[in-house]
Amino acid sequence: MQKTIEKREAKDATRVRELIQVMLNADTYTSLQAISALGALGAPAVGPLVRALLAVDSNARWTVAMALARTGREAVEPLIEVVLGSDDAIKNPAIWALAEIGDQRAVDPLVGTLRTSRSECCRALTAAALLKLGDPAGIAEVEKTFEQSGEGFRGLAMEAFEGT
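### A closer look at the side chain of Lys-91
Consideration 1: As for its placement among the helices and strands, Lys-91 is situated in helix α6 (residues 88–101).
Consideration 2: Despite its burial, Lys-91 pairs with no opposite charge; the closest candidate is Asp-88, at 4.0 Å N-O.

### A look at the environment of Leu-54
Consideration 1: Here Leu-54 lies in helix α3 (residues 43–55).
Consideration 2: Classification of Leu-54 as partly exposed rests on a relative accessible area of 43%.
Consideration 3: The sequence separation of Leu-54 and Ala-65 amounts to 11 residues, and the corresponding C-alpha distance is 11 Å.
Consideration 4: When sequence neighbours within four positions are dropped, the list of residues in contact with Leu-54 reads Val-82, Ser-86 and Ile-90.

### A closer look at the side chain of Ser-86
Consideration 1: Note that Ser-86 resides in the loop between α5 (76–85) and α6.
Consideration 2: Those residues in contact with Ser-86 that lie beyond four places of it in its chain are Leu-54 and Lys-91.

### Considerations on the pattern of salt bridges
Close approach of charged atoms allows side chains with opposite charge to pair.
Consideration 1: Following the criterion strictly, the structure yields 6 salt bridges and no others.
Consideration 2: Residue Arg-73 pairs with Asp-103 through a salt bridge whose shortest N-O separation is 2.6 Å. Highlighted residues: Arg-73 in the loop between α4 (58–71) and α5 and Asp-103 in the loop between α6 and α7 (107–116), separated in sequence by 30 residues.
Consideration 3: The exposed category is assigned to Arg-73, whose relative accessible area is 57%.
Consideration 4: Between Asp-103 and Arg-105 there is a salt bridge, with its nearest N and O atoms 3.0 Å apart.
Consideration 5: One network of salt bridges, with partners in common, ties together Arg-73, Glu-77, Asp-103 and Arg-105.

Cut-offs and rules
Residues numbered from 1 in each chain as written. Predicted model: local features only at pLDDT ≥ 70, side-chain atom pairs only at ≥ 80, totals over all residues. Heavy atoms only, no water. Helix = DSSP H or I, 4+ residues; strand = E, 2+ residues; numbered from the N terminus. Buried < 20%, exposed > 50% of the residue type's maximum accessible area, 1.4 Å probe, protein only. Lys, Arg positive; Asp, Glu negative; His and termini not counted. Salt bridge = Lys/Arg side-chain N within 4 Å of Asp/Glu carboxyl O. Contact = heavy atoms within 4.5 Å.

Listed below in structure tokens is the structure:
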């Protein structure tokens with residue numbers, strides 16, 4: 001039984017590596033198919049995808065974030081770690097992925113990011129994610145931030161919200 005499990009894990013790891021390569025290097029249609037396949041694999045894809053998120057260039061990060069969002073709840077904790085420990089260029093796609101997944105575990109870390117980030121873009125994306133998550137505490141923090149930051153920030157956040 002143990003050998004069967006180990007064989008399956010090795011097969012999954014190989015498949016994940018292959019799919020990540022396709023996702024990052026193929027045409028748009030084929031890349032989207034790889035994203036879907038990675039999402040279907042779920043948990044075995046999360047670690048390699050998070051490592052890719054931390055390693056690839058800015059444009060590719062958003063592609064990786066799409067795949068992480070498709071893996072669902074399994075990606076929430078690793079994405080929260082990225083949000084708490086990375087710079088904005090990496091944090092922003094992770095915030096988007098958390099909003100797409102829709103898990104309430106993201107609310108408190110996102111509230112903290114909304115309060116502490118110095119980047120208006122990151123704060124607007126975080127506000128949009130909190131609105132999408134719909135948690136009362138998160139929405140209250142967004143409203144408080146809107147009052148403090150003014151109409152310009154509200155407009156950015158709502159534009160991000162409508163685009164998520």
